[in-house]
Amino acid sequence: MTTILEEAKRYEEQIINDRRYLHQHPELGFDLPNTQKFIQQRLDEMEIVHKTCGVVPPEVREKYARAGFAEQANCTGVIATIGQGTPCILLRADMDALPIEEEVETTFKSTKPGLMHACGHDSHVAMLLGAAQILKNRENELQGTVKLFFQPGEEWGYGSKLMIDDGALENPKVDAAFGIHIMPDQEAGTLSVTKGTLTQAMDTYIVDIKGSGGHSSQPHKTIDANMIMNQLYTSLNLLFTREVPPNHNVTFSIGSMNGGTVTNVIPDKAVLSGNMRSYDQTTRDHLCNRIPEMIDHTVKAWRGEYSTTEFHTPTTYNDPGFIDEISAALQDVVGLDNLIDNGPMSGSEDFSYISQLVPSAFVVLGTGKEGDAPVHNPRMKQDESIFKYGAALHASVAIEWLKGQHKA
């Protein structure tokens, strides 16, 4: 009988072509109409049932607009199903790009100036479409349902949540979830599998400070928004040196401070933007209470007013029991020697919203070698011969896990 990897090899050219098309046509954020249309067309060709998924509520649109993101009216997610009945396993691919000017010269270079698939989401979609074809071919073997979850807005940290809120984990109810992220500076063909907390939570705070401006020679007649901003910068950074255990690996960075226009005018407005990254939930909960308190007390101590825009993305958690259940399926595709554990990642990932609700596994597939350009780099490139392994991993995990749930 043909193995799943052998079957994936038969579709390798299609997987690469899908990836190259998407690479040439990157889109940003939640609203990816061309990417959605392409995925729907490919699913139609495979005769796979699908539907659109995701709504951007007005309050979410307003929050992102206040933070300086482009207007996003729609969430262009796609949900597809193969098989029927219970249990149900979800396979996820994200599909948005980044505002980066590509510097790699290829025949499939981005056609959109300033936009690039520099995080590999084009390959994630292509690998899941390849898996979809394998699973459709083997639909009679499936002992349950496979749900394909194509999501926008991962780089904005909220696309999966918009789809979950629109019912993506229901009808049929999802019992487990699996996702893959490529890594272009990890040895090609290796698969990093880590149990427990994998990615950091990300908590972002944008503080709009309102004071009362005036002439620089008369500071006593003003409420200096710039001074308040600088006091807040100091207070927030000191908070982490006194209220976080040294071994809890929390970082806090102020990425932007803006206020004023000329030297002799004290401004009445200033904006401070920063974010926290953390792994430990107890520490995160404590700081997510303390940061707003620090903002409130510091601004009011200097008679200012403020409003805060917040964004929160939880940690991605790899369920140890679920990983044990799928380990043989992973090994069948990449081989025991290529299974590694690089430990927790220092970034954030909105697969986290799924992993907080159902037993999940998020694994990292190497598509290059150490020293190559990493993700989010304009010179990032990948070994396309690895994509067939991603397709096979998705399909193997789905088939074998569903089968395992029916054993006595």
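Shown above is the structure to which this text applies.
Conventions adopted
Residues numbered from 1 in each chain as written. Predicted model: local features only at pLDDT ≥ 70, side-chain atom pairs only at ≥ 80, totals over all residues. Heavy atoms only, no water. Pairing = 2+ DSSP bridges. Helix = DSSP H or I, 4+ residues; strand = E, 2+ residues; numbered from the N terminus. 1 Å grid on protein atoms, 1.4 Å probe; cavity = no way out; pocket = protein on both sides within 12 Å on 5 of 7 lines; lining within 4 Å. Points joined across faces, edges and corners; volume = space filled by probe spheres on them. Expected span 1.5 Å × (residues − 1). Buried < 20%, exposed > 50% of the residue type's maximum accessible area, 1.4 Å probe, protein only. Nonpolar A, V, L, I, M, F, W, Y, C, P; charged D, E, K, R; others polar. Disulfide = S-S within 2.5 Å. Axes fitted to C-alpha atoms, helices over the stretch in contact; angles between N-to-C directions. Left-handed = near helix turned anticlockwise from the far one by under 90°. Contact = heavy atoms within 4.5 Å. Salt bridge = Lys/Arg side-chain N within 4 Å of Asp/Glu carboxyl O.

A. How the structure looks around the sheet that holds strand β5 (residues 176-187). Pairing in this open sheet of 8 strands is mixed, and the strands run β1-β2-β4-β3-β5-β16-β6-β15 from one edge to the other. Every other strand in the sheet has two partners, leaving β1 (49-53) and β15 (339-340) as the edge strands with one partner each. Here strand β6 (residues 191-192) pairs with strand β16 (residues 360-368) via 2 bridges, running antiparallel. Counterpart to Leu191 in the pairing with β16 is Leu365.

B. Spatial organisation of empty space enclosed by the protein. Going through the model one piece at a time under the given rule, you end up with 1 cavity of 30 Å³ or more. As a volume, the largest cavity reaches approximately 30 Å³. If you go around the largest cavity, the residues you meet are Tyr205, Val207, Leu236, Phe252, Leu272, Ser273, Gly274, Ile291 and Ile295. At 3 residues, strand β12 (residues 269-278) tops the list of elements feeding residues into the lining of the largest cavity.

C. Representation of the pairing of β12 in the model. Where strand β8 (residues 201-210) and β12 come together, 10 bridges link them in antiparallel fashion. Across the sheet, Ile206 pairs through a bridge with Ser273, a residue of β12. Direction of pairing for strand β10 (residues 251-259) relative to β12: antiparallel, over a ladder of 8 bridges. Looking at β12, one finds that Gly259 is bridged to Ala270.

D. Layout of helix α5 (residues 121-137). Look at α5: 25 Å from first C-alpha to last across 17 residues, which is about the 24 Å you get at 1.5 Å a residue. For α5, the buried fraction is high: 15 of the 17 residues fall into the buried class.

E. Seen up close, the layout of surface pockets. The calculated volume of the largest pocket comes to roughly 960 Å³. Elements with a contribution of two residues or more to the lining of the largest pocket: α4 (58-66), β5, β8, β10, β12, β13 (305-313) and β16. The greatest single-element share of the lining of the largest pocket, amounting to 5 residues, is contributed by β5. Partitioning the lining of the largest pocket into residue classes produces 16 nonpolar, 19 polar and 8 charged. For the second largest pocket, the calculated volume is near 150 Å³. Met1, Thr2, Thr3, Ile4, Leu5, Arg138, Asp332, Val333, Ser396 and Glu400 together form the lining of the second largest pocket. Where the lining of the second largest pocket is concerned, the elements lending two or more residues are α1 (4-10), α9 (320-334) and α11 (387-404). For the lining of the second largest pocket, a count of residues per class yields 4 nonpolar, 3 polar and 3 charged.

F. Layout of the state of the cysteines. Under the criterion given, the structure shown has 0 disulfides. Unpaired in terms of disulfides, Cys88 finds its nearest cysteine sulfur in Cys53, a separation of 13 Å. Here Cys119 is not cross-linked by a disulfide; its sulfur's nearest cysteine counterpart is in Cys75, at 18 Å.

G. Region of interest: the packing of helix α2 (residues 12-24) against α5. α5 packs onto α2 with a crossing angle of 145 degrees between their chain directions and a minimal axis gap of 8 Å. Along this stretch, α2 crosses α5, giving a crossing that reads as right-handed. In this structure, α2 contributes Ile15, Asp18, Arg19, Leu22 and His23 to the contact, and α5 contributes Asp122, Ser123, Val125, Ala126, Met127, Leu129 and Gly130. For the contact of α2 with α5, the class distribution of residues is 6 nonpolar, 3 polar and 3 charged.

H. Region of interest: the pattern of salt bridges. All told, the structure shown has 23 salt bridges when counted by the stated rule. Ionic pairing is found between Arg19 and Asp122, a salt bridge with its closest N-O pair at 3.0 Å. Placement of the pair is Arg19 in helix α2 and Asp122 in helix α5, with a sequence separation of 103 residues. Residue classification places Arg19 among the buried residues on the basis of a relative accessible area of 3%. Among the residues examined, Asp122 registers a relative accessible area of 0% and is labelled buried. A salt bridge links Glu400 to Lys403, with the nearest nitrogen and oxygen atoms 3.4 Å apart. Taken as a pair, Glu400 and Lys403 lie in helix α11 at a separation of 3 residues, close to a single helical turn. A relative accessible area of 32% places Lys403 in the partly exposed class. The network of salt bridges with common partners includes Arg19, Arg20, Asp122 and Glu384.

I. Examining the sheet that holds β13 more closely. The sheet built from 4 strands is open, its strands ordered β10-β12-β8-β13 with antiparallel pairing. One side of each edge strand has no neighbouring strand; the edge strands of this open sheet are β10 and β13. This sheet shows a mean twist of 15 degrees between the axes of neighbouring strands, independent of strand direction. Where helix α7 (residues 225-243) meets the sheet, it contacts β8, β10 and β12, and its direction lies at approximately 175 degrees from that of β10. Sheet strands in contact with helix α8 (residues 281-301) are β8, β10, β12 and β13, and its direction is about 165 degrees off that of β13.

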